[in-house]
Amino acid sequence: MTSIPVVWLISIFALLITVIVGRLVRMPMFARLCFCFGLISISVVTGFVGVRFQFNDPAFIILQPYLAVTIAPALWLGFHTLTTQNGIPGTGIVQGLAGIVVAAWVLIALPYPWTATASVILVNTLLSVRLAGLLRLPAERFVHLAPQAFPKLRIALCGSLAFLVLLIVIDISVLGTFLAAGEARAMALLSDAAVMGGIAISLGVAAGLSLLLGAGRPIEDQAQIEARPLDEDRAVLDRLDALMKQATLFRDPELTVARLGRRLGVPARSVSSAVNRVTGENTSRYINALRVQHAAHLLESSNLPVTDVMLEAGFISKSSFNTEFRRIIGKTPSEHRKSHNPGTSTVRKHASERSNS
């Protein structure tokens with residue numbers, strides 16, 4: 001059957017890209033784990049399809065939907081993680097996705113032959129909508145990517161979305177055929193749709209490969225390929241440094257690249273490019289570094305509570321504040337204060353006792 005080699009080939013491609021993703025040390029670990037899990041799930045599920053049609057062996061048909069409903073959540077969570085400051089999604093988001101998967105598993109386990117396909121359709125539809133939402137985000141929201149990698153990220157997002165949408169169409173067709181004409185006709189339709197599914201997965205794999213190969217080059221190769229900082233870049237960054245020091249704009253938690261561009265009278269893209277080319281960091285990390293420096297000074301020179309210091313410096317998330325502070329300073333905010341002023345905690349404790357007495 002001509003569709004079967006395509007299925008096996010896609011399974012192999014997915015495994016190859018899993019290896020590439022695992023080597024992307026510049027991508028947050030959590031994002032890599034999500035992408036690797038999603039790709040391995042694609043490989044295993046397509047392998048199950050191959051076994052089902054190549055050898056007419058339904059041994060894995062029970063397991064297939066349980067794994068299939070985890071693909072879309074894993075892919076979405078991987079892309080979403082690239083928008084988080086510390087490279088780790090919020091606990092509520094992870095719990096919400098886990099709840100969706102568990103609910104789908106419960107639906108699959110019901111004693112009705114149509115519930116497995118229906119659960120996959122529902123999960124893929126929901127996560128397709130959420131993937132489409134990520135497409136509307138601007139480049140600066142993906143804080144773990146260099147600006148020049150954003151077009152490739154959009155290609156990967158579009159490929160993943162096209163992959164899920166086409167699978168939804170195939171599953172809906174198979175489910176409708178099953179309900180109207182029985183299992184035999186539905187399996188025949190699924191066999192005919194295997195080529196279309198293979199094409200869809202190929203598009204998604206190719207889109208992901210374009211992103212991952214670009215992001216996975218050794219750092220030395222990227223340095224040779226990317227343009228070196230221009231005089232204009234250094235001039236923009238010098239003006240940005242001066243503006244930050246004079247107006248302390250970094251203390252504004254709602255600060256955006258677009259606002260910085262307006263204050264400097266240059267396009268937002270010029271600001272992002274200047275920061276990236278000269279410092280090697282994205283704009284978000286550049287701003288967070290200034291916030292951490294300001295927070296460190298306040299911790300050394302004042303008795304403000306750590307939470308007040310966090311807000312004064314421009315952070316709104318305690319987890320992001322602690323993560324960025326440790327990344328830049330090498331200590332937690334509390335440890336930094338104690339190392340520079342060991343008596344601060346004792347003084348504050350005595351003051352509290354006097355106020356209570």
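Residues numbered from 1 in each chain as written. Predicted model: local features only at pLDDT ≥ 70, side-chain atom pairs only at ≥ 80, totals over all residues. Heavy atoms only, no water.

Turning our attention to the nonpolar core. Counting 40 residues, the largest nonpolar core has Phe79, Leu131 and Leu157 as its most contacted members. Looking at this core, the elements with two or more residues in it are α1 (3-22), α2 (29-54), α4 (71-81), α5 (91-109), α6 (115-135) and α7 (150-181). Those residues in contact with Leu131 that lie beyond four places of it in its chain are Trp76, Phe79, Leu157, Ser160, Leu161 and Leu164. Within the second largest apolar cluster, 18 residues are counted, among which are Leu240, Leu249, Phe250 and Ile287. (Core = buried A, V, L, I, M, F, W, Y, C linked by side-chain atoms within 4.5 Å. Buried < 20%, exposed > 50% of the residue type's maximum accessible area, 1.4 Å probe, protein only. Helix = DSSP H or I, 4+ residues; strand = E, 2+ residues; numbered from the N terminus. Contact = heavy atoms within 4.5 Å.)

On the surface, Ile12, Phe13 and Leu16 cluster together into a nonpolar patch covering about 280 Å² of accessible area. Along the chain, Ile12 falls in helix α1. On the accessibility criterion, Ile12 (48% relative accessible area) is partly exposed. (Patch = residues over 30% accessible without salt bridge, like charges linked within 9 Å, V, L, I, M, F, W, Y side chains within 5 Å. Areas by Shrake-Rupley, 256 points an atom, 1.4 Å probe, with all protein chains shown as cover. Salt bridge = Lys/Arg side-chain N within 4 Å of Asp/Glu carboxyl O.)

Following the sequence through the fold, Val69 ends up in the loop between α3 (64-68) and α4. Placed 47 residues apart in sequence, Val69 and Ala116 show a C-alpha to C-alpha distance of 9.4 Å. Setting aside its immediate chain neighbours within four residues, Val69 contacts Val101, Ala104, Trp105, Ile108, Ser119, Val120 and Val123.

As for its placement among the helices and strands, Thr83 is situated in the loop between α4 and α5. A polar atom in the side chain of Thr83 sits 2.6 Å from the backbone oxygen of His80. When residues no more than four places from it in sequence are discounted, the contact partners of Thr83 are Leu137, Arg141, Phe142 and Val143. (Polar contact = N/O pair within 3.5 Å; in protein donor to acceptor, adjacent residues only side chain to side chain.)

Here we take up α4. For an α-helix the count is 3.6 residues per turn, leaving residues at separations of three or four pointing the same way. Summarising burial for α4: 11 of the 11 residues are buried, a large majority. Taken together, the buried positions of α4 are occupied by Ile71, Ala72, Pro73, Ala74, Leu75, Trp76, Leu77, Gly78, Phe79, His80 and Thr81.

One non-glycine residue, Thr248, lies in the positive phi region at around 45°. Structurally, Thr248 can be placed in the loop between α10 (231-247) and α11 (257-264). In this structure Thr248 comes out as partly exposed when scored by relative accessible area, which is 28%.

What follows covers the packing of aromatic side chains. Considering all chains together, one arrives at three aromatic pairs under this definition. Ring geometry for Phe35 against Phe79: centres 4.9 Å apart, planes inclined by 75°, an arrangement best described as edge-to-face. Here Phe35, found in helix α2, pairs with Phe79, found in helix α4; they are 44 residues apart in sequence, far enough to count as distant. Where Phe315 meets Phe321, the ring centres are 5.2 Å apart and the plane angle is 50°; that geometry is what we call tilted. Across this residue pair, the class does not change: Phe315 and Phe321 are buried. Directly above the aromatic system of Trp76 lies the positively charged group of Arg130, at a separation of 4.2 Å from the ring centroid. A cation over a ring is seen here: Arg291 above Phe315, with NZ or CZ 5.8 Å from the ring centre. (Phe/Tyr/Trp six-rings, centres within 6.5 Å; stacked < 30°, edge-to-face > 60°. Lys NZ or Arg CZ within 6 Å of the ring centre and 35° of its normal.)

Taken residue by residue, the protein chain gives an average pLDDT of 76. The fraction at 70 or more is 72%. Within the model, pLDDT remains below 50 along residues 184-196, and this stretch shows 21 contacts once partners closer than five positions in the same chain are excluded. Counted against residues more than four places away or in other chains, residues 345-357, with its pLDDT under 50, gives four contacts. (pLDDT = per-residue confidence, 0-100.)

All right, on to the packing of helix α13 (residues 283-301) against helix α16 (residues 333-340) then. Two elements in contact, α13 and α16, have axes separated by 8 Å at closest approach and are oriented at 45°. Between α13 and α16, the angle falls in the class oblique. Between α13 and α16 lies a crossing whose hand is right-handed. Of α16, the residues touching α13 (which contributes Ala296, Leu298, Leu299 and Glu300) are Pro333, His336, Arg337 and His340. (Axes fitted to C-alpha atoms, helices over the stretch in contact; angles between N-to-C directions. Parallel < 35°, antiparallel > 145°, perpendicular 65-115°, else oblique. Left-handed = near helix turned anticlockwise from the far one by under 90°.)

Within the secondary structure, Asn124 is located in helix α6. Dropping the residues within four chain positions of it, Asn124 is found in contact with Ala72, Leu164, Leu167, Ile168 and Asp171.

Right, let's get into α11. Among the residues making up α11, those that are buried are Val257, Leu260, Gly261 and Leu264. Looking straight down α11, one finds that the buried residues subtend no more than 100° of arc, so they occupy a single side. Residues of α11 that are buried make contact with α10, α12 (268-279) and α13. (Arc of directions from axis to C-beta.)

Next up on the list: the pattern of salt bridges. Pairing between side chains of opposite charge can happen when the charged atoms of each approach one another. With the rule as written, the count across this model stands at five salt bridges. Residue Asp233 pairs with Arg277 through a salt bridge whose shortest N-O separation is 3.3 Å. In this pair, Asp233 sits in helix α10 while Arg277 sits in helix α12, placing the two residues 44 residues apart along the sequence. The exposure class of Arg277 is partly exposed, given its relative accessible area of 35%. Between Arg327 and Glu324 there is a salt bridge; the shortest N-O distance is 2.8 Å. Taken together, the residues Arg327 and Glu324, both in helix α15 (residues 318-329) and three residues apart, mark about one turn of the helix.

For the pair α10 and α13, the least separation of the axes is 12 Å and the interaxial angle reads 35°. Crossing of α10 over α13 shows right-handed handedness. On α13, the residues that touch Leu237, Leu240, Asp241 and Met244 of α10 are Tyr286, Ile287 and Leu290. Here the contact of α10 with α13 is built from residues that sort into six nonpolar, no polar and one charged. (Nonpolar A, V, L, I, M, F, W, Y, C, P; charged D, E, K, R; others polar.)

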